[in-house]
Amino acid sequence: MLYPLTFEPILKKIIWGGSDICPFKGITPVQEGIGESWELSHVEDNYSVVANGDLKGKSLDELIKTYGTQLMGKSVTERFGTTFPLLIKFIDARDNLSIQVHPDDKLAKKRHNSFGKTEMWYVVKAAEGATLYSGFSQQIDANEYVERVENNTIMEVLQKYDVKPGDVFFLPAGRVHAIGSGCFIAEIQQTSNITYRIYDYNRKDANGNGRELHTELAKDAIDYTLYPDYRTAYTPEENEKVELVSCPYFTTNLLEINQPMKRDISDLDSLVVYTCMAGELMLKDDKGNTIPVRQGQTVLIPADTKGITLEPTGEVRLMETYIK
């Protein structure tokens, strides 16, 4: 019988990584330079491994092959086959990340035989003065984009945001974006590892070499549409489900609770993922399973689960994600 599953984090040491991920997740000893913690991954060579219960030690890939629709849901399996459709991460940026864009499904399939990458960010913590980039600040076209990359003026036409905890940014494939120094972010994305690097601030490595840019690949992947605001607006509401993002690839709700909450998930026909960004709670399902969940943990609820009860200790903040 399947039960709520937790996984071993896959910690990524990266040159721009900070020092917040280990303390946030309660991992000792603290490791410096951890830029990302992949919480739930079905990216090749980075399969998540179960950390709790009878299935401890099994990979997410093994679970999909063994349990299929029981784990993922019938409609999800019909769409994504034996690929788990989500990649969940925490990101801690001590330095500015490169300006990037991701291709959509059509372009990614054609070029890389892969899914595209639509994603979202939830700002968990932000240092004073922390910023990020999402979208354009003025209308440009593909030719101007190439010129601006070549003459180092691309930053002048990107929309820059000062960020604070709780800010949400939805990043459909094609949207130019970058995480800035001092941002600690929870990221939900399609299972894809395809990134086109647009600009890297002319940084050089120890040998004096700049990082590879994908100017031409990115040119055709970028959505040049100008929007008035790229931040996702929502109104927080205690002890209620607040929808943050709903798109073909995932629906994500924010749950800020200080009292028990029941979630009826019987009609979703989808796996459900809870990502705990603050506090601790007990999670109970309709099969009689109970597991403790704390800040920094991600829990996968199998699709054959009908209902969940969340029992917080004090104030708790969770993201709830599923596929519609």
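A. Local environment of the pattern of salt bridges. One pass over the full model with this rule turns up 19 salt bridges. Residues R111 and D220 are paired through a salt bridge, measuring 3.4 Å at the closest nitrogen-oxygen approach. You can see R111 sitting in helix 5 (residues 105-112) and its partner D220 sitting in helix 7 (residues 215-221), a full 109 residues away along the chain. A residue is classified by how much of its surface remains accessible, and R111, at 28% relative accessible area, is partly exposed. Among the ionic pairs, R263 bridges to E320, the shortest N-O distance being 2.8 Å. Residue R263 is located in strand 18 (residues 261-264), and its partner E320 is located in strand 22 (residues 307-322); the two are separated by 57 residues in the primary sequence. Owing to a relative accessible area of 0%, E320 belongs among the buried residues under this scheme. Put simply, D95, D200, R203 and R211 are held in one network by salt bridges that share partners.

B. Structural view of the pairing of strand 11 (residues 168-171). Bridging between strand 8 (residues 119-126) and strand 11 involves 4 bridges; their strand directions are antiparallel. Looking at strand 11, one finds that Y122 is bridged to V168. One ladder, built from 2 bridges, connects strand 11 with strand 15 (residues 231-232); its direction is antiparallel. For F169, the partnering residue across the bridge sits in strand 15 and is R231.

C. Examining empty space enclosed by the protein more closely. Throughout the structure, instances matching the rule amount to 1 cavity of 30 Å³ or more. Estimates place the volume of the largest cavity at around 30 Å³. If you go around the largest cavity, the residues you meet are G135, F136, R175, V176, D223, T225, Y227 and Y230. Class assignment of the residues belonging to the lining of the largest cavity gives a composition of 4 nonpolar, 2 polar and 2 charged.

Thresholds applied
Residues numbered from 1 in each chain as written. Predicted model: local features only at pLDDT ≥ 70, side-chain atom pairs only at ≥ 80, totals over all residues. Heavy atoms only, no water. Salt bridge = Lys/Arg side-chain N within 4 Å of Asp/Glu carboxyl O. Helix = DSSP H or I, 4+ residues; strand = E, 2+ residues; numbered from the N terminus. Buried < 20%, exposed > 50% of the residue type's maximum accessible area, 1.4 Å probe, protein only. Pairing = 2+ DSSP bridges. 1 Å grid on protein atoms, 1.4 Å probe; cavity = no way out; pocket = protein on both sides within 12 Å on 5 of 7 lines; lining within 4 Å. Points joined across faces, edges and corners; volume = space filled by probe spheres on them. Nonpolar A, V, L, I, M, F, W, Y, C, P; charged D, E, K, R; others polar.

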